[in-house]
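# Examination of the molecular architecture
Chain by chain, the residues run as shown.
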Amino acid sequence: TPAEIVTAAGQAERGFVRFTSIDGMPSVAAFARTSFGWTIAAGITLEQYRAGMTTALGLLAAGSVALVLLAIGGAALLARRISAPILALEQAGGQLLRGEAITRPLRATREVDAVARALSEAGAELQRRAADLAASKARFENLFQSMDEGFFVVELIRDADGKAIDYRFLLTNGAFERATGLVGVAGRTRSEVLGPETLWWMPIYDGVARNGTPAHFEYQLRSNGRWFEIHATRMPGAVDQIAIVSNDITDRRAAAAEREQLLAAQSAQREFLEGIVRHAPI
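Residues numbered from 1 in each chain as written. Predicted model: local features only at pLDDT ≥ 70, side-chain atom pairs only at ≥ 80, totals over all residues. Heavy atoms only, no water.

## Considering helix α6 (residues 202-211)
Since the α-helix packs 3.6 residues into each turn, any two residues three or four apart lie on the same face. Defined as follows: Burial classification: accessible surface area is computed with a 1.4 Å probe over protein chains only, and a residue below 20% of its type maximum counts as buried, one above 50% as exposed, and the rest as partly exposed. Helix numbering and strand numbering both begin at the N terminus, where a helix is a DSSP run of H or I of at least 4 residues and a strand a DSSP run of E of at least 2. Directions drawn from the helix axis to the C-beta atoms are what define this arc. The contact criterion used throughout is that any non-hydrogen atoms of two residues lie within 4.5 Å.
Among all positions in α6, only M202, Y205, D206, V208 and A209 are buried. Projection of α6 onto a plane perpendicular to its axis shows the buried side chains occupying an angular sector of 160°, all on one side. Residues P203, R210 and N211 are exposed on α6 and point more than 90 degrees away from its buried face. In the core, the buried residues of α6 are packed alongside β4 (150-158), β5 (164-172), α5 (190-193), β6 (215-220), β7 (227-234) and β8 (241-248).

## A few points about the pattern of salt bridges
Close approach of charged atoms allows side chains of opposite charge to pair. For clarity, the threshold we go by: Think of a salt bridge as a Lys or Arg side-chain nitrogen and an Asp or Glu carboxyl oxygen that are within 4 Å of each other.
For the coordinates displayed, the defined rule picks out seven salt bridges. With a closest N to O distance of 2.9 Å, D240 and R158 form a salt bridge. On the criterion of sequence distance, the pair formed by D240 in the loop between β7 and β8 and R158 in strand β4 is long-range, its members being 82 residues apart. Note that R188 and E192 form a salt bridge whose closest N and O atoms lie 4.0 Å from each other.

## Some details on the nonpolar core
One broad trend across soluble globular proteins is that nonpolar side chains are buried collectively. To keep it simple, the criterion reads: Each nonpolar core is a collection of buried residues, namely Ala, Val, Leu, Ile, Met, Phe, Trp, Tyr and Cys, held together in the definition by side-chain atoms within 4.5 Å.
Residues L156, Y167, F169, Y205, I242 and I244 are the most contacted members of the largest nonpolar core, which totals 25 residues. Among the secondary structure elements, those contributing two or more residues to this core are β4, β5, α6, β6, β7 and β8. A total of four residues in this core trace back to one element, the largest contributor, which is α6. Contacts of F169, omitting those with residues within four sequence positions, involve F152, V153, V154, F176, V185, A186, G187, R188, T189, R190 and V193.

Structure representation (structure tokens):
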């Protein structure tokens, strides 16, 4: 037994040691002490050891390359499996923005399925709300157009100092158009469709917009001679927008004037008769 192995075995229970063989070749040996107290050693030349290491490293490198290729193939397969549902999620997002029915993506990971389910539920809820909103809007439009009273919304126009100098029609209903003859005035200003005699309205509307206090007044439209009763209220949550209800009171005013004329005639007749009585000889 080479002296290097004997020395190393005396210092440790197991290990590796380099030594020179009997024929003078550089060698390496592994040794280990058994439970019976014996020491077993096995050695090979250093040249054989290095050749074996080269072979082992080659096999390890080849195995690593194979594992990398396998991982790349698995990743590509997983990417193909996930990419289609992800693209479908992108399509579903576009459908959600456009208010369309959501197309459920292909099943993929649990996370993708959860997002798809959430998008589908959100899309269904948005469609329900859109349907409710459309029905509510239709009911409002029907009520708005079937009102006997004229209704319109205006927005004040102010100068650089904040003074209300004009207003723009934003919305009108059929009763307003029929009573005033002002058809298609939405988007136009008061000064474009009415005369300068309506300027006295501006301080009234300005006060309604600034203070939120409703206003009530009557006016006669010169274009057709009809009288209107105006109720102006500030629009909730809007700046300088006023909702106005306009009632045609021409017949009511005519009836009131006729009643006053009749009362005046009755009073004159009564005074005439009383004068006759006072001056009668009997």
